[in-house]
Every structure is written in structure tokens, then in C-alpha cells.
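Chain by chain, the residues:
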Amino acid sequence: MPQERPGGANPAVGIGAILVVVGLLLFLGQVLDIGLGNLGWPLWVIAAGAGILLVGLLVANERGVVVAGTIVTTVGLVLLYQNTTGHWESWAYAWTLVGPAASGLGLAIWGMRSGNARDIRAGTWGLLGGLAFFAILFLFFEGLIGLSGERLPIDDWVLPAAVIVIGAVVLVRGLLQRGEPAAG
């Protein structure tokens, strides 16, 4: 017999409710003659991610489910951009939005939900780190190499300056954390 989690309802209730809503939307789409293809397939990935995120926040009360929801939603957003623009080669640097950035965002959201300052801090740094890697790789692939076919019109000093600034932030953060007790 499924057991309720402390502080939350049975996860099956949330999953069942989401499936009922999705089924009703699919039925409504048939009645109104709106095909799934008309909406754009990446929107389904975004919807699945949002559903997972909601289950994690509202029903399962589970950090891992919240992080998974932000990752799947971010994958859908990247795919929506790529599908709309045809800029599929952007995956060379867009993965940083999915891995470190979305994971950090999910952890920060979980920290806000649970009131855990450590998760908020770690998630925020994960998000910022992912965005920093995205910026560096974007400048490298689009500014230096011209992955999309033509280099961005930026000066040659921008990429090294961005790497130096981000490195300095990481260095200062590391030096400031030396005096803090280790998390355990």
C-alpha cells in the first residue's frame, strides 16, 4: 500500500491529477481539431518538465523531482529555440543551460520551498556557474570560431576578459569559503 510522505500527499495523487488534466486537454484538442503538431513538439517537453516540477514542489515534496523538473523544462526551452531558429549547432554550448544552470535553478527553487539556505546558496552558485560557462562557450563558439557560419562582431579581447572575470569571481568565492566550516 502506498504511503504518504511526511509533509506531503501521496505522489500518485499529483501524478494522477496531471494525467487527468493532460487527458482532458488532449480530448479538447480533438474536439476543437487542434493537432499535436500544431503546437510545436518542444512545447510537450516543456509541459512534461513543468508537470514534473509541480509534482516535486506540491505533491512529492522531493528535491530530486524538483531538480529533474527544471532540467526537463530547460531541455524543452532549448529545443524550442533550436526548432524555431534551426540553430541546432548551438547545442555545443547550450548544454550548460541544461546541466549546471538548470540543476542549480532547481536546487535553489527547492531551497526556497523547503527554507534551506544551504540549498539556495548552492543552487544559486550552480545556476551562476552554468550561466558563466554558457557565456564563455557562446563567446568561444560564436565569437571566435563562428560556429553558426559567421563570427559575431566582437573584439578579440572579449573572450579572454570574460574568462578572467569569471575566474576571478570563482577564485574570490573559493578564498572566502576557506574560513567557513565544511558542510556535512
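Remember, it's a predicted structure, so these values are computed and weren't measured experimentally.

**Q** Explain the packing of aromatic side chains to me, please; I cannot follow it from the model alone.
**A** Aromatic ring pairs are reported here in terms of the distance separating the ring centres and the angle at which the planes meet. Scanning all chains against the criterion turns up 5 aromatic pairs. Both rings, one in Phe 140 and one in Phe 141, keep their centres 5.0 Å apart while their planes meet at 80 degrees; by these two values the pair is edge-to-face. Here the aromatic residues Tyr 93, Phe 134, Phe 138, Phe 140 and Phe 141 are joined through ring pairs into a cluster of three or more.

**Q** Would you take a moment to explain the side chain of Gln 82 for this structure?
**A** Position of Gln 82 among the secondary structure elements: in helix 4 (residues 63-85). Classification of Gln 82 as buried rests on a relative accessible area of 2%. Leaving out residues up to four positions away in the same chain, Gln 82 has contacts with His 87, Trp 88, Ser 90 and Trp 91.

**Q** Would you explain the environment of Leu 159 in this entry?
**A** Relative to the assigned elements, Leu 159 resides in helix 7 (residues 158-177). Take Leu 159: its relative accessible area is 16%, and that puts it in the buried class. When the C-alpha positions of Leu 159 and Ile 136 are compared, they lie 6.7 Å apart, and in sequence the two are 23 residues distant. Here Leu 159 is in contact with Ile 136, Leu 139, Phe 140 and Leu 144, once residues within four sequence places are set aside.

**Q** Which parts of the structure should I look at to understand the confidence of the model for the protein chain?
**A** Low-confidence regions, as indicated by low pLDDT, have predicted coordinates that should not be scrutinised in detail. Put simply, the protein chain has an average pLDDT of 83, and 83% of its residues get 70 or more. Here helix 2 (residues 36-39) is the element of the protein chain with the lowest mean pLDDT, 62, and helix 5 (residues 91-114) is the one with the highest, 95. Confidence drops under a pLDDT of 50 for residues 1-6, and excluding neighbours within four residues, the segment shows 7 contacts in the predicted structure.

So, how was this worked out
- Residues numbered from 1 in each chain as written.
- Predicted model: local features only at pLDDT ≥ 70, side-chain atom pairs only at ≥ 80, totals over all residues.
- Heavy atoms only, no water.
- Phe/Tyr/Trp six-rings, centres within 6.5 Å; stacked < 30°, edge-to-face > 60°.
- Helix = DSSP H or I, 4+ residues; strand = E, 2+ residues; numbered from the N terminus.
- Buried < 20%, exposed > 50% of the residue type's maximum accessible area, 1.4 Å probe, protein only.
- Contact = heavy atoms within 4.5 Å.
- pLDDT = per-residue confidence, 0-100.

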